[in-house]
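# Commentary on secondary and tertiary structure
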Amino acid sequence: MAINKQQVRTALTHVMHPEMDKDVVTLDMIEDLIVQDSFITFTIDLPEKDTKLEATLKDKCKEAIHKFVDEDAVLDITTAVNISKFRNGEEEQGEFPGQGHRSQKKQEQDQEDEEILTGVDNIIAVASGKGGVGKSTVAVNLACGLARTGAKVGLLDTDIYGPSIPTMMDAHGRPNITTEKQLIPKEKYGIRFLSMGMLVDPDQAMIWRGPMVTSAVKQFMNEVEWGELDYLVLDLPPGTGDIQLTLVQTVPLTGAVIVSTPQNVALDDARKGVAMFKKVNVPVLGMVENMAYFIPEDQPDKKYHIFGKHGARNLAEQMGTNFLGEIPLEQKVRESSDEGKPIVLGDMETKSGEAFVELSNNVIQQLAIRNQEQDPTEKIDIKIKP
Ligand SMILES: Nc1ncnc2c1ncn2[C@@H]1O[C@H](COP(=O)(O)OP(=O)(O)O)[C@@H](O)[C@H]1O
Ligand SMILES: [Mg+2]
């Protein structure tokens, strides 16, 4: 029988904090709970570093889950020091953490979370296993391509480790904030966009751990005035690790677009990307082959398959997913990215501009099919509710 989160939560109420005379759930120490088949992962938040306490709590949590839920459950428990979370509680209450006023605040936050992005019709994640394959280039041109059809489009760069949207849209600096402390997205070329890199100091970002990235993304979702949107495109960080897995479960994604280049090393990672989305029940809209072939600037009729031919197209077929299109490797794509003017909005003389228009149309088509055939994706609630 499949394990559910409520069973895990209930089991964890048997784990008492050795000094507080309360259990870890009541103390609001459990975050980012994910249950997948018999695999359970969560974070134990602590107000300060305490190696002995961390080890004790981990052991007790394991014991409780094996005893009350499933003796074969596979557990991955991390610990995190979350100073600000518990400091709040101290100020309000003189004791750590999570009772009274703070827990009321948290409930309000939970309610807000439930209404996450209600004005957005379709949320599309652009992902890849590997970095440098053109994920951000595809995300930006897809967003602008969708906007060309007259749709209302948002673009959010969640890649705090290597944000590229500010350069690709030529918009830097912090976003403005309303009197209600909501962030106002930047607007250009008919799309609203924000990059987490606009708010986070890049040197700081490098030391962020997964749970910090996830909570920052959640905050972005709740605290940005996106307004009504037909499409919100998310540029995900490269890879298929914990950060990506948690991210894709934080937001009710309509579907994912996987970007790969044709060579085997990239395809292996793209395969992992498709598998990750399937595992968490996010429909894969299809695969894009970027840098499919090289077109020399002075010989636009030539095609050189320098990374191999049809690699991503074949992989899409193998994995039973759609092929959304191929984008050539052209100097103008790189130049327009560096200049902050996405090629899809430029002159349609280039093969890549045309290819991005075609890609956007294919994504619209696949979204329509997906929305007709399947229910909206359920957001997996990775928060513990008191
Ligand atoms: N089709 C293409 N033709 C030419 N240059 C490209 C193409 N796609 C991406 N690039 C360039 O390759 C680099 C990496 O692309 P980027 O979109 O930042 O990758 P990722 O987001 O996957 O790390 C950028 O300099 C970008 O301009
Ligand atoms: Mg990128």
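Residues numbered from 1 in each chain as written. Chains lettered and ligands numbered in written order. Predicted model: local features only at pLDDT ≥ 70, side-chain atom pairs only at ≥ 80, totals over all residues. Heavy atoms only, no water.

- Going by the annotation in an unreviewed UniProt entry, the name recorded for the chain is Iron-sulfur cluster carrier protein, with Fodinibius salinus given as the source organism.
- Its UniProt record, at the heading Function (unreviewed entry), says of the chain: "Binds and transfers iron-sulfur (Fe-S) clusters to target apoproteins. Can hydrolyze ATP."
- Quoted verbatim from the Subunit (unreviewed entry) field of the UniProt record, the comment on the chain reads "Homodimer." (UniProt positions renumbered as here; feature names shortened; annotations may be inferred.)

### Quick notes on the overall build of the chain
- Of the regular secondary structure elements, the chain holds 13 helices and 11 strands.
- Expressed as a percentage of contacts within the chain between residues at least 6 apart in sequence, the contacts between residues at least 24 apart total 73%.
- Of the roughly 18100 Å² that the chain leaves accessible, carbon and sulfur atoms contribute 46%. (Helix = DSSP H or I, 4+ residues; strand = E, 2+ residues; numbered from the N terminus. Contact = heavy atoms within 4.5 Å. Areas by Shrake-Rupley, 256 points an atom, 1.4 Å probe, with all protein chains shown as cover.)

### Section: the layout of surface pockets
- Of the voids in this model, the second largest pocket is the one considered here, and its volume is about 380 Å³.
- If you go around the second largest pocket, you meet 23 residues; those closest to its centre are Gly132, Gly134, Thr137, Met168 and Met291.
- Ranked by residue count, the leading element in the lining of the second largest pocket is helix H12 (residues 331–339), at five residues.
- When the residues that make up the lining of the second largest pocket are grouped by side-chain class, the tally is seven nonpolar, 11 polar and five charged. (1 Å grid on protein atoms, 1.4 Å probe; cavity = no way out; pocket = protein on both sides within 12 Å on 5 of 7 lines; lining within 4 Å. Points joined across faces, edges and corners; volume = space filled by probe spheres on them. Nonpolar A, V, L, I, M, F, W, Y, C, P; charged D, E, K, R; others polar.)

### Looking at the sheet that holds strand E5 (residues 153–157)
- What the eight strands build is an open sheet, ordered E6-E7-E5-E8-E4-E9-E10-E11; its pairing is mixed. Where the open sheet ends on each side, the last strands, each with one partner, are strand E6 (186–188) and strand E11 (323–329). Put simply, the sheet's adjacent strands are angled 25 degrees from each other on average, direction ignored.
- Taken together, the five bridges between E5 and strand E8 (residues 229–235) define a ladder with parallel strand orientation. In the sheet register, Leu156 faces E8, and the bridge partner there is Leu234. (Pairing = 2+ DSSP bridges. Axes fitted to C-alpha atoms, helices over the stretch in contact; angles between N-to-C directions.)

### Section: the site of ligand 1
- The local shell around ligand 1 holds 17 residues, among which Gly132, Lys135, Ser136, Thr137 and Pro328 are the closest.
- At 3.0 Å from an oxygen atom of ligand 1 is found a main-chain nitrogen or oxygen belonging to Gly134.
- Ser136 is positioned with one of its side-chain polar atoms (N or O) 2.9 Å from an oxygen atom of ligand 1.
- Here ligand 1 loses 81% of its free accessible area of 560 Å² to cover by the protein chains.
- A molecule is said to occupy a pocket when more than half its atoms come within 2 Å of that pocket's grid points, and by this definition ligand 1 occupies the second largest pocket. (Near = heavy atom within 4 Å. Polar contact = N/O pair within 3.5 Å; in protein donor to acceptor, adjacent residues only side chain to side chain. Sits in = over half its atoms within 2 Å of the grid points.)

### Considering the environment of Thr56
- Its location among the elements puts Thr56 in helix H2 (residues 51–68).
- Through-space distance from the C-alpha of Thr56 to that of His17 is 9.3 Å; in sequence the pair is 39 residues apart.

### Topic: empty space enclosed by the protein
- Inspection of the entire model under this criterion finds three cavities of 30 Å³ or more.
- What the second largest cavity holds in volume is close to 40 Å³.
- Forming the walls of the second largest cavity are Ala127, Ser128, Gly129, Leu236, Pro237, Gly239, Thr240, Gln244, Gly273, Met276 and Phe277.
- Looking at the lining of the second largest cavity, the element that brings in the most residues is helix H10 (residues 264–279), giving three residues.
- Tallied by class, the residues present in the lining of the second largest cavity amount to five nonpolar, six polar and no charged.

### Things to note about the confidence of the model for the chain
- Overall, the prediction assigns the chain a mean pLDDT of 84, with 86% of residues at 70 or greater.
- Overall, residues 109–113 carries pLDDT values under 50, and its contacts beyond four positions in sequence, including any with other chains, amount to 10 contacts.
- Confidence drops under pLDDT 50 across residues 381–386; counting only partners more than four residues distant or on other chains, this segment forms 28 contacts. (pLDDT = per-residue confidence, 0-100.)

### Comments concerning the nonpolar core
- Formed by 81 residues in total, the largest nonpolar core has its most connected members in Leu117, Ile124, Leu155, Ile191, Leu234, Phe277 and Val363.
- Considering each element in turn, this core owes the most residues, eight residues, to helix H5 (residues 135–148).
- The next biggest cluster of nonpolar side chains, apart from the first, holds 25 residues, and it includes Val25, Leu27, Phe42 and Leu75. (Core = buried A, V, L, I, M, F, W, Y, C linked by side-chain atoms within 4.5 Å. Buried < 20%, exposed > 50% of the residue type's maximum accessible area, 1.4 Å probe, protein only.)

### Considerations on the packing of H5 against helix H13 (residues 351–373)
- Viewed as axis vectors pointing N to C, H5 and H13 meet at an angle of 75 degrees, and their least axial separation amounts to 9 Å. The angle between H5 and H13 places the two elements in the roughly perpendicular class. In this structure, H5 uses Thr137, Val138, Asn141, Leu142, Gly145, Leu146 and Arg148 to contact H13, whose residues at the interface are Phe356, Val357, Leu359, Ser360, Val363 and Ile364.
- A per-class count over the contact of H5 with H13 returns eight nonpolar, four polar and one charged. (Parallel < 35°, antiparallel > 145°, perpendicular 65-115°, else oblique.)

### A word on the sheet that holds strand E3 (residues 74–81)
- Overall, mixed pairing links the three strands, which are arranged E1-E2-E3 in an open sheet. Edge positions in the sheet fall to strand E1 (30–36) and E3, since each of these pairs with one other strand and no more. Taking the axes of each pair of neighbouring strands and ignoring which way they run, one obtains an average angle of 10 degrees across the sheet.
- Both E1 and strand E2 (residues 39–46) contribute to a ladder of five bridges, which runs antiparallel. Across the sheet, residue Ile30 finds its bridge partner in E2, namely Ile44.

### Some thoughts on the pattern of salt bridges
- In this structure the tally under the stated criterion is nine salt bridges.
- Lys130 serves as the salt-bridge partner of Asp269, at 3.7 Å between the closest nitrogen and oxygen. Of the two residues, Asp269 is situated in helix H10 and Lys130 in the loop between strand E4 (120–127) and H5; the sequence distance between them amounts to 139 residues.
- Looking at Asp269, the relative accessible area reads 16%, which means it is buried.
- Its relative accessible area of 32% is what places Lys130 among the partly exposed residues.
- The structure contains a network of salt bridges with shared partners spanning Lys130, Asp269 and Lys272. (Salt bridge = Lys/Arg side-chain N within 4 Å of Asp/Glu carboxyl O.)

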